[in-house]
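# Coordinate inspection notes
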Amino acid sequence: MKKTIAVLLTLLLAVSMFACAKPAQEPQEPVRVAALAGPTGIGLAYLMQEQQDKYTVEILTAPDQVTAKVISGEVDIAAVPVNLAAVLNAKTEGKVKVAAINTLGVLYLLENGNSVQSIEDLAGRTVYSVGQGSTPEYILQVLLDAYGLTDSVTVEFIADNAELITKLSDGSAELALLPEPHVSIATAQNENVRVALAINDLWAAKNDTQIVQGVYVVRSEFLDAHKDLVDAFLADAAASANKVISEADAPAVVVSQGIIDKEPIAKKAIPNCNICLITGEEMRSNVSAMLKVLFDANPKSVGGAMPAEDFYYVANPS
């Protein structure tokens, strides 16, 4: 009898302990991130190498690939061109927010020769450019207007970066507007090709805000459920960006993660890519100003309308 009572007491104690125990917390799945190869993805190189337990990062080659993954919910956070952020917000009816700037201006005016020392030297010339219907076209359009050159400079668009580099190298195009890392590829291929004008400097002389090229966007649903993870990502992305800018092995790390193809090109390009991590009110004011420039040039470039105020996630990760 005593043995039976002892067994029952043991069972009751076990049941009680089980009932009071807190359920085991399920491990958090890695945050799913997508980025474009090139400048918008460069800042993530060290995060990709060192924090694979926290993040799965996919490097893609075309903006429409990122768009599809964000809209379908296959990724939580994405590094995209600034105008694409606004387009995604419009397409999803506000279900995408911008959280940080990751890249400032990466555009440069290249010349096969040495005749252009200032933007005024472009008068009467033809500039070949990539990016028709996107930020390069509108940035160039705004600058030519600001410097009174709209009617005296002819702009011809080339669809492919590689084709434009070839034209520049063989002399069939004397002047070309290109982004990094294609700037570094072009100057490496032909010693006569040089950076004639830094578009950032020209912009700064006429505008109070900076050129914004790349941003991080986050799905609103993910942000609402996991604000802590978004803030942690922004802090980790900032640390990664700082290492990309400062560490000697950064070109090798960037290449190892599939963001740029060749280490010599990465080494030349990284200092000119203006990699950063800007959040908070500084992010909001610069992104808003950039989108207004694009909207004024072509409303379709930002999804047909300026984003509402809740488009901006104003965070200040430590």
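Our subject is the structure that appears above.
Below is a short write-up of the structure.

## Regarding the environment of Phe-311
- Structurally, Phe-311 is set in the segment after α14 (280–297).
- In this structure, Phe-311 is in contact with Ala-85, Ala-86, Asn-89, Val-96, Lys-97, Val-98, Val-287 and Leu-291, ignoring residues within four places of it in sequence.

## Things to note about the side chain of Ser-184
- Relative to the helices and strands, Ser-184 resides in helix α8 (residues 182–189).
- Using a relative accessible area of 2% as the deciding quantity, one classes Ser-184 as buried.
- The contact partners of Ser-184, leaving out residues within four places of it in the chain, are Ile-265, Lys-268 and Ala-269.

## Comments concerning the nonpolar core
- Judged by nonpolar contacts, the single largest core of 54 residues is most densely connected at Ile-101, Leu-109, Leu-122, Ile-199, Val-215, Val-287 and Leu-291.
- In this structure Leu-109 touches Leu-122, Val-127, Leu-175, Ala-176, Leu-177, Arg-194, Val-195, Ala-196, Leu-197 and Ile-199, once residues within four positions along its chain are discounted.
- In this structure, Val-31, Ile-77, Leu-229 and Tyr-313 belong to the second largest nonpolar core, which totals 39 residues.

## Here's the deal with empty space enclosed by the protein
- Scanning the model with the defined rule gives one cavity of 30 Å³ or more in all.
- In this structure, the largest cavity encloses a volume near 40 Å³.
- In this structure, the largest cavity is lined by Leu-109, Ile-119, Leu-122, Leu-140, Leu-143, Leu-197, Ile-199 and Leu-202.
- Class assignment for the residues of the lining of the largest cavity results in eight nonpolar, no polar and no charged.

## Structural notes on the pairing of strand β5 (residues 107–112)
- In terms of residue burial, β5 counts as a mostly covered element, since six of its six residues are buried.
- The alternating pattern of β5 places Leu-107, Leu-109 and Glu-111 on one face and Tyr-108, Leu-110 and Asn-112 on the opposite face, and all of these are buried.
- Pairing geometry for β5 and strand β8 (residues 175–179), over five bridges, is antiparallel. Its bridge partner being in β8, Glu-111 is matched across the sheet by Leu-175.

Rules of the game
Residues numbered from 1 in each chain as written. Predicted model: local features only at pLDDT ≥ 70, side-chain atom pairs only at ≥ 80, totals over all residues. Heavy atoms only, no water. Helix = DSSP H or I, 4+ residues; strand = E, 2+ residues; numbered from the N terminus. Contact = heavy atoms within 4.5 Å. Buried < 20%, exposed > 50% of the residue type's maximum accessible area, 1.4 Å probe, protein only. Core = buried A, V, L, I, M, F, W, Y, C linked by side-chain atoms within 4.5 Å. 1 Å grid on protein atoms, 1.4 Å probe; cavity = no way out; pocket = protein on both sides within 12 Å on 5 of 7 lines; lining within 4 Å. Points joined across faces, edges and corners; volume = space filled by probe spheres on them. Nonpolar A, V, L, I, M, F, W, Y, C, P; charged D, E, K, R; others polar. Pairing = 2+ DSSP bridges.

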